[in-house]
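If you want the building blocks of each chain, they are given just below.
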Amino acid sequence: MSIELFRIDDRLIHGQVVVGWGQPLGVEFIVLVDDDVRASDWEQELYRMGVPPHITVQFSGVEEAVSRLSEWQADPRKGIVLTGDVASMLALVRGANGVVREVNVGGVHFRDGRREKLRYVYLNDEEAAQLRELAGAGVRVTAQDVPTGRRVPLEELLE
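Here's a quick rundown of the structure. (Residues numbered from 1 in each chain as written. Predicted model: local features only at pLDDT ≥ 70, side-chain atom pairs only at ≥ 80, totals over all residues. Heavy atoms only, no water.)

This next bit is on the packing of helix H4 (residues 62-74) against helix H5 (residues 86-95). Each pair of packed helices gets described by two things: the angle between the helix axes and the distance between those axes. Axis separation between H4 and H5 bottoms out at 9 Å; the angle between their running directions is 35°. For the crossing formed where H4 meets H5, the hand is right-handed. Across the interface between the two elements, Val 62, Ala 65, Val 66 and Leu 69 of H4 pack against Ser 88, Ala 91, Leu 92 and Gly 95 of H5. (Axes fitted to C-alpha atoms, helices over the stretch in contact; angles between N-to-C directions. Helix = DSSP H or I, 4+ residues; strand = E, 2+ residues; numbered from the N terminus. Left-handed = near helix turned anticlockwise from the far one by under 90°. Contact = heavy atoms within 4.5 Å.)

Here is the structure:
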């Protein structure tokens with residue numbers, strides 16, 4: 001399997017993803033799945049600036065990601081698939097026919113209506129239900145901000 005990490009992080013591409021996860025995993029490509037960023041050349045350029053030249057960045061909308069997931073899985077290079085919210089990851093998993101087996105919740109930050117679950121994860125009821133749906137689909141859902149951090153199982157995250 002060439003996708004090493006499926007991650008939810010509302011900051012999208014940033015140092016923790018590129019250095020913290022990318023280096024230890026030996027990542028050579030990142031797929032950023034976000035409909036708004038996919039439609040904005042300006043935002044794409046900003047995200048590309050934060051990635052070293054040896055890592056390819058691809059931008060995809062959610063529907064496109066569903067259709068291209070098998071292509072990315074077949075890529076001989078190691079990669080990360082990154083969504084900025086739980087709903088986008090859920091849509092990807094629903095369309096992926098069992099391809100996604102594990103999802104990392106790496107950063108869902110404060111916003112009105114969300115409650116703190118961990119210092120880096122705040123969820124509202126709908127997002128918690130979406131994470132439960134992921135787990136119900138056979139996906140192992142854990143929260144972990146950096147590779148050296150403790151993996152927090154979904155049951156503990158949602159307590």
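For the rest of this paragraph, the subject is the environment of Leu 12. For Leu 12, the position within the fold is in the loop between strand S1 (3-9) and helix H1 (15-25). The exposure class assigned to Leu 12 is buried, which follows from its relative accessible area of 5%. In this structure the C-alpha to C-alpha distance between Leu 12 and Ser 2, which are 10 residues apart in sequence, comes to 20 Å. Apart from residues no more than four positions distant in its own chain, Leu 12 is found in contact with Val 17, Leu 32, Asp 34, Val 37, Tyr 47, Leu 82, Thr 83 and Gly 84. (Buried < 20%, exposed > 50% of the residue type's maximum accessible area, 1.4 Å probe, protein only.)

Another point: the pairing of strand S4 (residues 79-83). Consecutive side chains along a regular strand alternate between the two faces of the sheet. The element S4 is extensively covered by neighbouring structure, given that five of its five residues are classed as buried. What you see with S4 is no split at all: Gly 79, Val 81 and Thr 83 on one side and Ile 80 and Leu 82 on the other are buried throughout. By the bridge criterion, five bridges tie S1 to S4 in an arrangement that is parallel. The residue of S4 that forms the bridge with Phe 6 is Val 81. The pairing of strand S2 (residues 29-33) with S4 spans five bridges and is classified as parallel. In the sheet register, Leu 32 faces S4, and the bridge partner there is Leu 82. (Pairing = 2+ DSSP bridges.)

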